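# Structural characterization, general
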Amino acid sequence: QVQLVESGGGLVQPGGSLRLSCEASGSIFRIATMGWYRQAPGKQRELVATINAGGSTAYADSVKGRFTISRDNAKNTVYLQMNSLNAEDTAVYYCNAKFFALEYWGQGTQVTVSS
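The sections below set out a description of the structure shown in this document. Just so we're clear, the structure is a prediction, and the values are computed from it rather than from any experiment.

Parameters at a glance
Residues numbered from 1 in each chain as written. Predicted model: local features only at pLDDT ≥ 70, side-chain atom pairs only at ≥ 80, totals over all residues. Heavy atoms only, no water. Helix = DSSP H or I, 4+ residues; strand = E, 2+ residues; numbered from the N terminus. Buried < 20%, exposed > 50% of the residue type's maximum accessible area, 1.4 Å probe, protein only. Contact = heavy atoms within 4.5 Å. Pairing = 2+ DSSP bridges. Core = buried A, V, L, I, M, F, W, Y, C linked by side-chain atoms within 4.5 Å. Salt bridge = Lys/Arg side-chain N within 4 Å of Asp/Glu carboxyl O. Phe/Tyr/Trp six-rings, centres within 6.5 Å; stacked < 30°, edge-to-face > 60°. Axes fitted to C-alpha atoms, helices over the stretch in contact; angles between N-to-C directions.

## With respect to unusual backbone geometry
The phi angle at asparagine 76 is positive, at roughly 50°, despite the residue not being glycine. With respect to the helices and strands, the residue asparagine 76 is situated in the loop between strand S7 (67–72) and strand S8 (77–82). Residue classification places asparagine 76 among the partly exposed positions, given a relative accessible area of 22%. You will see that phenylalanine 100, though not glycine, has its phi angle at about 50°, which is positive.

Written out as structure tokens, the structure is:
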């Protein structure tokens, strides 16, 4: 069993930065593919970034060059560093873990980019 808990969301001004964290419980973290997703009101859920067990990363075009996903296996934690934030980044951000047929989601953390 795995539980994912996101933190680090909040209000930030345009052009600012924010770092999200996702702490995982359970024993599968090191071999799981981790991802960050986001969903804004009236929009489809969007895959933001992924990082697999080998450390390979992938990003949505909308965030490439601005966001960085990383993982610390010793701490069972995945991070999403978000820079140059704009209003289009406003959404609830969800942490996701995939392990073969198993999939887990966090509760989400709100990110609001506004003046």
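## Examining the environment of threonine 33
Of note, threonine 33 is situated in strand S4 (residues 33–39). Under the relative-accessibility criterion, threonine 33 is labelled partly exposed at 30%. Not counting chain neighbours up to four residues away, the residues in contact with threonine 33 comprise Ile51, Asn52, Ala53, Asn96, Ala97 and Lys98.

## Here we look at the pairing of strand S1 (residues 4–7)
Burial along S1 is one-sided: the residues Leu4 and Glu6 are buried and none of Val5 and Ser7 is. In this sheet, strand S3 (residues 18–24) lies alongside S1 in antiparallel orientation, the contact comprising four bridges. Looking across to S3, one finds that glutamate 6 is bridged to cysteine 22.

## Brief notes about the nonpolar core
The biggest cluster of nonpolar side chains holds 32 residues, and the ones touching the most others in it are Leu4, Met34, Trp36, Leu80, Met82 and Tyr93. A per-element tally of this core places strand S9 (residues 91–99) first, with five residues. When residues no more than four places from it in sequence are discounted, the contact partners of tyrosine 93 are Glu6, Leu20, Trp36, Tyr37, Arg38, Val48, Phe67, Leu80, Met82, Gly108, Thr109 and Val111.

## Topic: the pattern of salt bridges
All told, the structure shown has four salt bridges when counted by the stated rule. Among the ionic pairs, arginine 38 bridges to glutamate 46, the shortest N-O distance being 2.8 Å. Owing to a relative accessible area of 6%, arginine 38 belongs among the buried residues under this scheme. Accessibility expressed as a relative area gives 27% for glutamate 46, which makes it partly exposed. When the shortest N-O distance is used, the salt bridge between aspartate 89 and arginine 38 registers 2.9 Å. A residue pair is termed long-range when its members are at least 10 positions apart, and aspartate 89 in the loop between S8 and S9 and arginine 38 in strand S4 qualify at 51 residues. Both residues of the pair, aspartate 89 and arginine 38, belong to the buried class.

## Topic: the packing of aromatic side chains
Evaluated as defined, the whole model comprises two aromatic pairs. Consider the rings of phenylalanine 99 and phenylalanine 100, whose centres lie 4.9 Å apart with planes at 85°: the pair is edge-to-face. A relative accessible area of 17% means that phenylalanine 99 is categorised as buried.

## Here's the deal with the sheet that holds S1
Spatial ordering of the open sheet is given by S1-S3-S8-S7, a layout of four strands whose pairing is antiparallel. Two strands close off the open sheet at either side, each with one partner strand: S1 and S7. Sheet twist, expressed as the mean angle between neighbouring strand axes with direction ignored, is 15°.

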